[in-house]
Amino acid sequence: MKIHKAGHNIILFFGLFFVILSYIFNYFFNEIGIFQFIFYATEVIIFFLVIRFFRVPLREIKKDENAIICAADGKVVVIDEVFVEEYFNEKRLQVSVFMSPLNVHVNWYPIAGIVKFAQHHAGKHYPAFLPKSSLENEHSSIVVQHKNGQDIMIRQIAGSMARRIIYHSKIDQQIDQYDEFGIIKFGSRVDLFLPLDAKINVKLSQSVRAGNDIIAFFK
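Residues numbered from 1 in each chain as written. Predicted model: local features only at pLDDT ≥ 70, side-chain atom pairs only at ≥ 80, totals over all residues. Heavy atoms only, no water.

Let us look at unusual backbone geometry. Despite not being glycine, Asn-89 shows a phi value in the positive range, around 55°. Tracing the backbone shows Asn-89 in the loop between strand S4 (74–84) and strand S5 (90–98). With relative accessibility at 52%, the residue Asn-89 sits in the exposed group. (Helix = DSSP H or I, 4+ residues; strand = E, 2+ residues; numbered from the N terminus. Buried < 20%, exposed > 50% of the residue type's maximum accessible area, 1.4 Å probe, protein only.)

So, in structure tokens, the structure goes:
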């Protein structure tokens, strides 16, 4: 396991903040007691959770050209047929994975191919598990074309805690399956918009892990 570079400055900030806060606290409350123990234990737990949030797991995956692998850790909250105006202007199969604050928040490409579209959209910060968050929340949309000619869209969605989406996708970029493409800081949800004839391989409320679980198969 390693720490994502997007978290380095945040971890440093929290570390310095807790050191200063501990110094001030110790200055006014220098007697050792249960109150001091709770205070310092709380600092350690919060700092540990911040570090853990930016973890990047090292996983061995079995690549499959016909498979659309999971792009994020979390729980499947949507499997539905929807009309996608952006880029496609047609119906698509939507599969959404909600990431709790305890999940890994790094995102990976579910297929190999070429990036055909990449766009960031400003928006609101409703809870990411709500259906309306897919369009109304801050989000990024990335379209990857598989070598079989079929396109899928990956949408990173910021939630109520998330305040920044990071992605590295560039148009005409050649990418491989399970290449990292970004992270959502303290968020949220990843939607996949697949061809209607894709064979879904997951169920609602199923817990999934990026790279380990297959969301669907191309026909």
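Our next topic: the side chain of Gln-177. Of note, Gln-177 is situated in the loop between strand S11 (174–175) and strand S12 (180–185). A distance of 3.0 Å separates a polar side-chain atom of Gln-177 from the backbone nitrogen of Asp-64. A polar atom in the side chain of Gln-177 sits 3.1 Å from the backbone oxygen of Ala-67. What Gln-177 contacts, discounting residues up to four positions off in sequence, is Ile-61, Lys-63, Asp-64, Ala-67, Ile-69, Tyr-109, Pro-110, Ile-111 and Ala-112. (Polar contact = N/O pair within 3.5 Å; in protein donor to acceptor, adjacent residues only side chain to side chain. Contact = heavy atoms within 4.5 Å.)

Counted under the stated rule, the structure contains 13 aromatic pairs. Geometrically, the ring pair formed by Phe-25 and Tyr-40 is edge-to-face, given 5.8 Å between the ring centres and 80° between the ring planes. Highlighted residues: Phe-25 in helix H1 (residues 8–28) and Tyr-40 in helix H2 (residues 34–53), separated in sequence by 15 residues. On the basis of relative accessible area, Tyr-40 is assigned to the partly exposed category, the value being 29%. (Phe/Tyr/Trp six-rings, centres within 6.5 Å; stacked < 30°, edge-to-face > 60°.)

In this section: the sheet that holds strand S16 (residues 214–217). The strand order across the open sheet formed by three strands is S3-S16-S14, and the pairing between neighbours is antiparallel. Each end of this open sheet is capped by a strand with a single partner; those strands are strand S3 (67–69) and strand S14 (199–200). Sheet topology places S3 next to S16; three bridges connect them, and they run antiparallel. By the bridge assignment for S16, Ala-67 is matched with Phe-217. (Pairing = 2+ DSSP bridges.)

On to the packing of H1 against H2, then. Across the interface, H1 lies against H2 with an axial gap of 10 Å and an inter-helix angle of 175°. With respect to H2, the element H1 is oriented roughly antiparallel. Contacts between H1 and H2 involve Ile-10, Ile-11, Phe-14, Gly-15, Phe-18, Leu-21, Ser-22, Phe-25 and Asn-26 from the first element and Phe-35, Gln-36, Phe-39, Tyr-40, Glu-43, Ile-46, Phe-47, Val-50 and Ile-51 from the second. (Axes fitted to C-alpha atoms, helices over the stretch in contact; angles between N-to-C directions. Parallel < 35°, antiparallel > 145°, perpendicular 65-115°, else oblique.)

Turning our attention to a nonpolar patch on the surface. Together, Ile-20, Tyr-23, Ile-24, Tyr-27, Phe-28, Phe-29, Ile-34, Phe-35, Phe-37 and Ile-38 line one region of the surface with nonpolar side chains, adding up to about 1200 Å² of accessible area. Only H1 and H2 provide two or more residues apiece to the nonpolar patch. (Patch = residues over 30% accessible without salt bridge, like charges linked within 9 Å, V, L, I, M, F, W, Y side chains within 5 Å. Areas by Shrake-Rupley, 256 points an atom, 1.4 Å probe, with all protein chains shown as cover. Salt bridge = Lys/Arg side-chain N within 4 Å of Asp/Glu carboxyl O.)

Strands sit in the order S11-S7-S8-S9-S13-S5-S4-S15 across an open sheet of eight strands; the sheet is antiparallel. Of all the strands in the sheet, the pair left with one neighbour each is S11 and strand S15 (207–208). Strand direction decides the pairing type here: S5 and strand S13 (residues 189–194), joined by six bridges, are antiparallel. If you follow Gln-94 over to S13, its bridge partner there is Phe-193.

A word on the nonpolar core. Core analysis: the biggest nonpolar cluster contains 31 residues, and Ile-68, Tyr-109, Val-144, Leu-194 and Ile-215 have the highest contact counts within it. Residue assignment for this core shows that the elements contributing at least two residues are S5, strand S7 (113–121), strand S8 (139–145), strand S9 (151–157), S12, S13 and S16. In this structure, Ile-10, Phe-53, Trp-108 and Tyr-178 belong to the second largest nonpolar core, which totals 15 residues. (Core = buried A, V, L, I, M, F, W, Y, C linked by side-chain atoms within 4.5 Å.)

With six of its seven residues buried, S8 lies for the most part within the structure. As defined by bridge partners, S7 adjoins S8 across seven bridges and the pair is classed as antiparallel. Paired with Ile-114 across the strands is Gln-145, a residue of S8. In terms of strand pairing, S8 meets S9 through seven bridges, oriented antiparallel. The residue bridging Ser-141 from the neighbouring strand is Arg-155, located in S9. Joining the antiparallel neighbours S8 and S9 is a turn of five residues, in which Gly-149 adopts a positive phi near 90°.

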